[in-house]
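Structural overview for review
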Amino acid sequence: MSDDHGTTAPAETGHLRRALGVPSLVFFGLVYMVPLTVFTTYGIVTEITGGRVPLAYVITLVAMVFTARSYAKMAGELPFAGSAYTYTQKTFGAGVGFVAGWALLLDYLFLPMINYLVIGLYLNAALPMVPSWVFVLVAIVLVTILNIIGIVSVARANIVIIAAQGIFILTFAVLSFATISGSGSVDLAAPFTGDGTVDGFGAVMAGAAILCLSFLGFDAVSTLSEEAKDPKRSVPRAIVIATLTGGLIYIVLSFIAQLVFPSNAFADPESGSLDVMAAAGGQFLTIFFTAAYVAGACGSALTSQASVSRILYAMGRDGVLPRGFFGRLSKRFLTPVFATVTVGVVSLLALAVDLTFISEMVSFGALMAFSAVNLAVIKHFVIDRGRRGGRAILSYVVLPGIGFGLTVWLWTSLSPRTLIIGLVWLALGVAYLAFVTRGFRRPTPSLDLKE
């Protein structure tokens, strides 16, 4: 690995290159979250909430801020790659850390597949003469190559993608404002009071549960702690900024969308956003939206694949996964090439599975990890560090406790099929850990966190 003076260390060991500041980390998180993801489930959540998508996003943002704060606290204490795996392992022990990391793999292994599927579906709709699987395959190959080249190239691509989405958002807002202005009276409270088709606050909470996965960006930022400049300061700041910024973007975009198209009479709820685009700007905006959304999906695929490859690298470096394969860095690119290629190969499952199945697995893994990190804050600061004053109880017990309660509520809202499959995945993880430790007779290897 090259340091600041250009020297080279063995590729099998060492640390990742520290090249990312707060802006790049925030861009990474925002691209991972995909600002335009608000339109992915827009039609579905509009029907569920009775036209109260912005209100559902407000609730989701509140829930995610508590968990993002817990990630920020742990990232400041443990500025290393591995995310929830590292935090849980150092707090509760290597065995529990492995289970948390195993659950997190569901999130990260399947999330790139969602983006690849979306890319294939949208481009196939625009170019029906080309099968969707062709677009999926090409996207997997290109994203894998970019991640092998290095994280700096990913960060630069993120800036371009965010800029393109920013231009679309501005165009959408301007055209929507023109449409709203010419439509006569407008009820600005409607996106929060609803359209009358669905009553009750429970419907809004159900919609909020679906929207929680829009906020995975802060978790992705924490996985890059070993590639961040001054990680104890930059990573926590980036986590909070990405969460709040992404949440505000979702709220504003859904608010505008419900004003310009104050109805849930979609041609197809799964593609309800296309009805919004047509109402706001006709065919021009519909085409622009498709291009911007596909670009965002590409960016999310870049960042999500980068994140999971670094989690595999962290788990391989400590010997829980085969160290000779996953715990190696490329001599030329100083990136975890074997882990990155593995993620690309697994992503080929996007050619054979459906979007519903993938989304369910991402939900299970993410919420398990969120719950574990909230508990890790309580254990690390209060029990291990002995911080038990009034202010400490608020900061390290009450606030993460609220985060834990909210994530558990969201987790228990998942379908029975999701819970069953997720628990089976966890059982497989425990079985693998038993194999590695020879029936738990040997200690689980721990991460070497020395700088």
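Position labels on residues start from 1 in each chain and follow its written sequence. It should be noted that, the model being predicted, local features are given only for residues of pLDDT at least 70 and side-chain atom pairs only at 80 or more, the latter also being counted only at that level, while totals for whole chains, interfaces and linings use all residues. By convention in this description, side-chain values take in all heavy atoms of the structure and omit both hydrogens and water.

A few words now on the environment of Ala56. Every helix listed is a DSSP run of H or I at least four residues long, and every strand listed is a run of E at least two residues long, numbered separately from the N terminus. You can see Ala56 is positioned in helix H3 (residues 53–77). Along the chain, Ala56 and Ala208 lie 152 residues apart, while their C-alpha atoms are 4.7 Å from each other. What Ala56 contacts, discounting residues up to four positions off in sequence, is Thr49, Val204, Gly207, Ala208 and Leu211. Every residue pair with non-hydrogen atoms within 4.5 Å of one another is taken to be in contact.

A word on the nonpolar core. Throughout this description, the term nonpolar core refers to a set of buried Ala, Val, Leu, Ile, Met, Phe, Trp, Tyr and Cys residues connected via side-chain atoms within 4.5 Å. For every residue, the accessible area obtained with a 1.4 Å probe (protein chains only) is divided by the maximum for its type, and the residue is called buried under 20%, exposed over 50%, and partly exposed between those limits. Counting 122 residues, the largest nonpolar core has Phe39, Tyr71, Phe168, Phe172 and Ile239 as its most contacted members. No other element matches helix H5 (residues 94–126), which puts 17 residues into this core. Beyond its immediate chain neighbours, meaning those up to four positions away, Phe172 contacts Phe39, Leu253, Ile256, Ala257, Val276, Met277, Ala280 and Leu285.

It is worth spelling out the packing of aromatic side chains at this point. The geometry of two aromatic rings is summed up by the distance between their centres and the angle between their planes. When the centres of two rings from Phe, Tyr and Trp lie within 6.5 Å, Trp using its six-membered ring, the rings pair. Their planes under 30 degrees apart give stacked, over 60 give edge-to-face, and anything left gives tilted. Scanning the entire structure with this criterion turns up 23 aromatic pairs. Here the aromatic rings of Phe381 and Tyr396 are separated by 4.2 Å at their centres, their planes lie at 5°, and the arrangement is stacked. Residue Phe381 is found in helix H15 (residues 355–384), and its partner Tyr396 is found in helix H16 (residues 390–412); the two are separated by 15 residues along the sequence. Here the two residues Phe381 and Tyr396 agree in accessibility, since each one is buried. With a centroid separation of 6.5 Å and an interplanar angle of 35°, the aromatic rings of Tyr432 and Phe435 are classed as tilted.

Throughout this description, the term salt bridge denotes a Lys or Arg side-chain nitrogen within 4 Å of a carboxyl oxygen of Asp or Glu. The full count for this structure, using the stated rule, is two salt bridges. Across the pair Arg385 and Glu77 runs a salt bridge, and its minimum N-O distance is 3.0 Å. Here Glu77 lies in helix H3 and Arg385 lies in the loop between H15 and H16, a separation of 308 residues in the sequence. With a relative accessible area of 45%, Arg385 lands in the partly exposed category. When the shortest N-O distance is used, the salt bridge between Lys379 and Asp384 registers 2.9 Å.

With that settled, consider the packing of helix H1 (residues 22–33) against helix H12 (residues 272–317). Structural elements are reduced to axes, namely lines fitted to C-alpha atoms, with helices fitted over the stretch in contact, and the angle between N-to-C directions of any two is expressed from 0 to 180 degrees. Interhelical geometry of H1 versus H12 gives an angle of 115° and a closest axis separation of 7 Å. The two elements H1 and H12 meet at a crossing, and its hand is left-handed. On the side of H1, the interface is formed by Phe28, Val31 and Tyr32, while H12 contributes Gly296, Gly299, Ser300, Thr303, Ser304, Ala306 and Ser307. Residues are grouped as follows: nonpolar covers Ala, Val, Leu, Ile, Met, Phe, Trp, Tyr, Cys and Pro; charged covers Asp, Glu, Lys and Arg; every other residue, Gly included, is treated as polar. Residues belonging to the contact of H1 with H12 are distributed by class as follows: four nonpolar, six polar and no charged. Throughout, a crossing is termed right-handed when the near helix is turned clockwise from the far one, and left-handed when it is turned anticlockwise from it by less than a right angle.

This next bit is on the side chain of Thr60. If you trace the backbone, Thr60 turns up in helix H3. For Thr60, the residues in contact, after removing those within four places along its chain, are Ala208, Leu211, Cys212 and Phe215.

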